[in-house]
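Each chain is listed here by its residues.
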There are 2 protein chains.
Amino acid sequence: MTISPDLGLYLVTDRELCHGRPVVQIVEAALRGGVSCVQLREKSIPIGAFLEVARSIKAILAPRGVPLIINDRVDVALAAGADGVHLGQNDMSYPDARRVLGPGAIIGLSIESMEQALEAEEWDVDYLGVSPVFATPTKPEAKTAWGLDGLRRLRRCSGHVLIAIGGINPTNAAQVLEAGADGLAVVSAICSAPDPEAASRRLREAVDRHRSKKLTS
Amino acid sequence: MTISPDLGLYLVTDRELCHGRPVVQIVEAALRGGVSCVQLREKSIPIGAFLEVARSIKAILAPRGVPLIINDRVDVALAAGADGVHLGQNDMSYPDARRVLGPGAIIGLSIESMEQALEAEEWDVDYLGVSPVFATPTKPEAKTAWGLDGLRRLRRCSGHVLIAIGGINPTNAAQVLEAGADGLAVVSAICSAPDPEAASRRLREAVDRHRSKKLTS
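Within each chain, residue numbers correspond to sequence positions counted from 1 in written order. Each chain gets a letter, beginning with A, and each ligand a number, beginning with 1, in the order they are written. Thresholds applied to this predicted model are a pLDDT of at least 70 for local features of residues and 80 or more for the giving and counting of side-chain atom pairs; totals over whole chains, interfaces and linings are not thresholded and use all residues. Remark: hydrogens and water are excluded; side-chain values derive from all non-hydrogen atoms of the structure.

**Student:** Please clarify how the interface of chain A and chain B should be interpreted in this entry.
**Tutor:** Note: interface size is frequently given as the accessible area lost on complex formation between the parts. Any two residues having at least one pair of non-hydrogen atoms within 4.5 Å are treated as being in contact. Contact residues are listed per partner, giving 17 residues for chain A and 17 residues for chain B. Put simply, buried area is the surface a 1.4 Å probe can reach on two separate parts but cannot reach once they are joined, added for both. Counting the surface lost from both chain A and chain B, the interface buries some 1200 Å², and carbon and sulfur atoms represent 62% of this. When the buried surface of chain A facing chain B is broken down by residue, Ile47(A), Asp75(A) and Met92(A) rank first, second and third, together holding 35% of it. Salt bridges are counted wherever a side-chain nitrogen of Lys or Arg sits within 4 Å of a carboxyl oxygen of Asp or Glu. In this structure, the connection of chain A to chain B is made through two salt bridges. In this structure, the salt-bridge partner of Asp96(A) is Arg55(B), at a minimum N-O distance of 2.6 Å. Two N or O atoms form a polar contact when they lie within 3.5 Å of each other; inside protein one atom must be a possible hydrogen donor and the other a possible acceptor, and for residues adjacent in sequence the pair counts only when both atoms belong to side chains. Inspection of the region where chain A meets chain B yields four residue pairs in polar contact (both at pLDDT 80 or more). Three classes are used: nonpolar for Ala, Val, Leu, Ile, Met, Phe, Trp, Tyr, Cys and Pro, charged for Asp, Glu, Lys and Arg, and polar for all others, with Gly counted as polar. Across the side of chain A that touches chain B, the residue classes tally to nine nonpolar, one polar and seven charged.

Shown next as structure tokens:
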């Protein structure tokens, strides 16, 4: 199933993991490689700088119809004219964010346990970030990884769009999609890649291959 | 000059300085003592808890017509239905916050230098927080104190409502008002007071005395 907006290959930025290359440059390369959604995550820069990067990226994404999602900060999303926010379990609650952003915003929510997934079933979230699907050094504080079995179980219980994140790379991408993910979210596999465009393309191919297979099966 | 809304005695909360007493309890006492505006400042608790406290305080202030101002977080202000935000120089810019919050919101801005004050003259901010008027242990990272002379100079240059903050107590309150402040903002003088109601009342008396004197002079 192709979902709308296309969250099939979802880049989550991480300034440190870009290894000195500007975030905007990584985003441009990732777009050329086929990324269909970008989440800007900034945890260590002042809000003014965050907003400035958000606007730069919005200007790149908007003409291509690629949504910009802001991590955590609902106010930055509003000020930057972003398409939505991604909420962690310690960020503003989903109902509050929805009330502030309105029905048209894309709002995603990280879930790290089945309990959180079941709570989210009550809400009209646009997607769940299944986090982490594999253990990853990017989020050392994260809970136990879902694994492919956990993702399959979740797929049976949840009616939401599921975006898997954590340790995804071209090698395991097909398995993650077969286990029930509607899309792949990646951080280091693109941000830290020597060639972010090529890295994005390999992941995009995995998503497209899986979609073709589903259409013809 | 009485300003509208009345920012004459402006409480800025600080969880740590309440010495274990709930912030809501300090706010209630301060209201009984004559505080006419409350800024909720939370720097160390998760956003959900921040929003919960904001709503509790909003419920106390609204029936009394006392405005609730949220420090820094425009999204929390929106979600809590607060009356406005107070921005530091490292928070969202004034024009961005105004765009997001709309013309009806109360938006204040901390200024720590004449340069920042002059920049703010271009904007329709509701007040400037003159910070710090005296050196204070609450904000050790703050710039050089304005002092009474600095406040007088600022009063001559600025058309904005000036709310002085930093080291204000019942002993120096009259001098600060005579130097040109339209209102007094206090943190520890109320939050850390053994009797926050009595402390607020003493400061309120200074504000009211100054206003009567101006009316009859």
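**Student:** I tried to follow the sheet that holds strand S7 (residues 162-165) of chain B on my own but got confused; where do I start?
**Tutor:** The pairing of strands in a sheet comes from backbone hydrogen bonds and takes either a parallel or an antiparallel form. Residue and element names in this part refer to chain B. Here, strands pair whenever DSSP counts at least two bridges between them. The way it works is that DSSP assigns letters per residue, a run of H or I at least four long becomes a helix, a run of E at least two long becomes a strand, and they are numbered from the N terminus. Read around the closed barrel, the eight strands follow the order S1-S2-S3-S4-S5-S6-S7-S8; overall the barrel is parallel. Going from strand to strand, the sheet's axes swing by 25° on average, the running direction of each strand aside. Sheet topology note: the strand S1 (residues 9-12)/strand S2 (residues 37-40) ladder contains three bridges and is parallel. Counterpart to Tyr-10 in the pairing with S2 is Cys-37. To get an axis, fit a line to the C-alpha atoms, keeping to the stretch in contact for a helix; angles then go from 0 to 180 degrees between the N-to-C directions. On the sheet, helix H4 (residues 94-101) packs against strand S4 (84-87) and strand S5 (106-111) and is oriented at approximately 165° with respect to S5. In this fold helix H6 (residues 147-157) packs onto S5, strand S6 (127-130) and S7, with an angle of close to 165° to the strand it touches most, S7.

**Student:** Can you walk me through the sheet that holds strand S4 (residues 84-87) of chain A in this structure?
**Tutor:** Residues and elements named next belong to chain A. Spatially, the eight strands close up into a barrel ordered S1-S2-S3-S4-S5-S6-S7-S8, and their pairing is parallel. Strand-to-strand twist in this sheet, taken as the mean axis angle between neighbours without regard to direction, amounts to 25°. Pairing geometry for strand S6 (residues 127-130) and strand S7 (residues 162-165), over three bridges, is parallel. Opposite Gly-129, over in S7, you have Ile-163 as the bridge partner. Along the sheet, helix H6 (residues 147-157) makes contact with strand S5 (106-111), S6 and S7, crossing S7 at roughly 165°.

**Student:** Explanation requested: the pairing of S4(A) in the structure shown.
**Tutor:** Put simply, side chains in a regular strand alternate between the two faces of the sheet. Residues and elements named next belong to chain A. On S4, burial covers both faces: Gly-84 and His-86 on one face and Val-85 and Leu-87 on the other are all buried. Pairing analysis gives three bridges linking strand S3 (residues 68-71) to S4, with the strands arranged parallel. When the bridges of S4 are listed, Ile-69 appears paired with Gly-84. Whether a crossover is right-handed depends on one test, that the path from the first strand over the helix to the second runs clockwise when the strands point away from the viewer. For the handedness criterion, the β-α-β arrangement of S3, helix H3 (residues 74-80) and S4 is classed as right-handed. Alignment of S4 against S5, held across four bridges, turns out to be parallel. Among the inter-strand pairings, His-86 is bridged to a residue of S5, identified as Gly-108. What joins S4 to S5 is helix H4 (residues 94-101), and the crossover it makes is right-handed. Exposure classes here rest on a 1.4 Å probe applied to the protein chains alone. A residue is buried below 20% of its type maximum, exposed above 50%, and partly exposed in between.

**Student:** Hey, could you run me through the pattern of salt bridges in this one?
**Tutor:** Oppositely charged side chains may form a pair once their charged atoms are brought near each other. Residues and elements named next belong to chain B. Per the stated rule, a full pass over the model turns up 32 salt bridges over all chains. With its nearest N and O atoms 2.9 Å apart, the salt bridge here joins Asp-6 to Arg-211. Within this pair, whereas Asp-6 is found in the segment before S1, its partner Arg-211 is found in helix H9 (residues 196-216), the two being separated by 205 residues in sequence. By relative accessible area, Asp-6 is classed as partly exposed at 23%.

**Student:** I keep staring at a negative patch on the surface and nothing clicks. Help me out?
**Tutor:** Excluding any residue in a salt bridge, patches collect residues exceeding 30% relative accessible area, merging like charges within 9 Å and nonpolar Val, Leu, Ile, Met, Phe, Trp and Tyr side chains within 5 Å. Surface exposure here means Shrake-Rupley accessible area, sampled with a 1.4 Å probe, where a residue is shielded only by the protein chains that are shown. Charged residues are defined here as Lys and Arg on the positive side and Asp and Glu on the negative side; His and the ends of the chain fall outside this count. Charged side chains are reduced to one point each, which is NZ for Lys, CZ for Arg, CG for Asp and CD for Glu. Taken together, the side chains of Glu115(A), Glu119(A), Glu121(A) and Glu122(A) make up a negatively charged region of the molecular surface. Turning to its location among the elements, Glu119(A) is positioned in helix H5 (residues 114-120).

**Student:** Any chance you could explain helix H2 (residues 47-61) of chain A here in plain terms?
**Tutor:** In a regular helix each residue adds 1.5 Å, so 15 residues correspond to 21 Å; H2(A) covers 21 Å between its end C-alpha atoms and thus fits that length. Turning to H2(A), its buried residues are Ile47(A), Phe50(A), Leu51(A), Val53(A), Ala54(A), Ile57(A), Lys58(A), Ile60(A) and Leu61(A). Packed against the buried residues of H2(A) are helix H1 (23-33), strand S2 (37-40), S3 and H3 of chain A together with H4 of chain B. Expected span of a helix: the number of residues minus one, times 1.5 Å.

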